[in-house]
Amino acid sequence: MSLSLFTPYVPLQWAHAFSRTFAVIFALCMLYGYLFLRADPVLSTLHTNLLRSFTFGWSGAGMNWPTVGLGIVISYVWGFLFGGTLSMCLNHCQK
């Protein structure tokens, strides 16, 4: 077993870390939207457009538990794909 100067980035660990981070960020954004965006219609429209862009199945019909659950699952999948891809790219560029 040899120690190298750089340790490789483990794709599965990065994927899980990013997926959890993305899911938490989504939940915080939904909480922010629920608490603060009702007072400002311009920011509310921007928030809804961003959710439509990044969350498949978002209809903008309102915030209920199924839409929050769907958003958390989709954010988890996006984070998993992003984290795994990023770590593979970093491993490739490290060689």
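A brief look at the structure comes next.

The rules behind the values
- Throughout this document, residue positions are counted from 1 along each chain, in the order its sequence is written.
- The predicted origin of the model limits local features to residues at a pLDDT of at least 70 and limits the giving and counting of side-chain atom pairs to 80 or more, whereas totals for whole chains, interfaces and linings rest on all residues.
- Side-chain figures throughout are based on the complete set of non-hydrogen atoms in the structure, without hydrogens or water.
- Runs of E in the DSSP output that reach at least two residues are strands. Runs of H or I that reach at least four are helices, and both are numbered from the N terminus.
- Any residue under 20% of the maximum accessible area for its type is buried, any over 50% is exposed, and the rest in between are partly exposed; the area is computed with a 1.4 Å probe on protein chains only.
- Note on contacts: a residue pair qualifies if any of its non-hydrogen atoms lie within 4.5 Å across the two residues.
- Per-residue and other accessible areas were derived by the Shrake-Rupley procedure at a 1.4 Å probe size, with only the shown protein chains allowed to occlude residues.
- Disulfides are defined in this document as cysteine sulfur pairs within 2.5 Å.
- Note on geometry: axes are lines fitted to C-alpha atoms, helical ones only across the stretch in contact, with angles between N-to-C directions running from 0 to 180 degrees.
- By definition in this entry, angles of less than 35 degrees are roughly parallel, angles greater than 145 are roughly antiparallel, angles of 65 to 115 are roughly perpendicular, and the rest are oblique.
- Crossing handedness follows the turn of the near helix against the far one: under a right angle anticlockwise gives a left-handed crossing, and clockwise gives a right-handed one.

Focus: the overall build of the protein
What the protein contains, in helices and strands, is 3 helices and 0 strands. Ordered by position from the N terminus, the helices and strands of the protein form the series α-α-α. Across the 95 residues that make up the protein, the buried fraction comes to 22%. Look at the contacts in the protein between residues 6 or more apart in sequence, and 72% of them connect residues 24 or more apart. Summed over its atoms, the accessible surface of the protein is roughly 7,100 Å², and 73% of this surface lies on carbon and sulfur atoms.

Structural notes on the state of the cysteines
Going through the model one piece at a time under the given rule, you end up with 0 disulfides. For Cys89, which is in no disulfide, the shortest distance to another cysteine sulfur is to Cys93 and amounts to 6.5 Å. Cys89 sits in the partly exposed class, given a relative accessible area of 41%.

Here's the deal with the environment of Leu12
If you trace the backbone, Leu12 turns up in helix α1 (residues 11-36). For the pair Leu12 and Met88, spaced 76 residues apart in sequence, the C-alpha separation works out to 9.8 Å.

Structural notes on the environment of Phe80
Take Phe80: it is sitting in helix α3 (residues 65-94). The sequence separation of Phe80 and Ala17 amounts to 63 residues, and the corresponding C-alpha distance is 7.8 Å. In contact with Phe80, other than residues within four places in its own chain, are Leu12, Ala15, His16 and Ser19.

Considering the packing of α1 against helix α2 (residues 41-54)
Relative orientation of the contacting elements α1 and α2 amounts to 150°, with a least axis distance of 11 Å. Taken together, the axes of α1 and α2 lie roughly antiparallel to each other. As α1 packs across α2, the resulting crossing turns out to be left-handed. Along its contact with α1, which presents Phe26, Cys29, Met30, Tyr32 and Gly33, the element α2 presents Leu43, His47 and Leu51.

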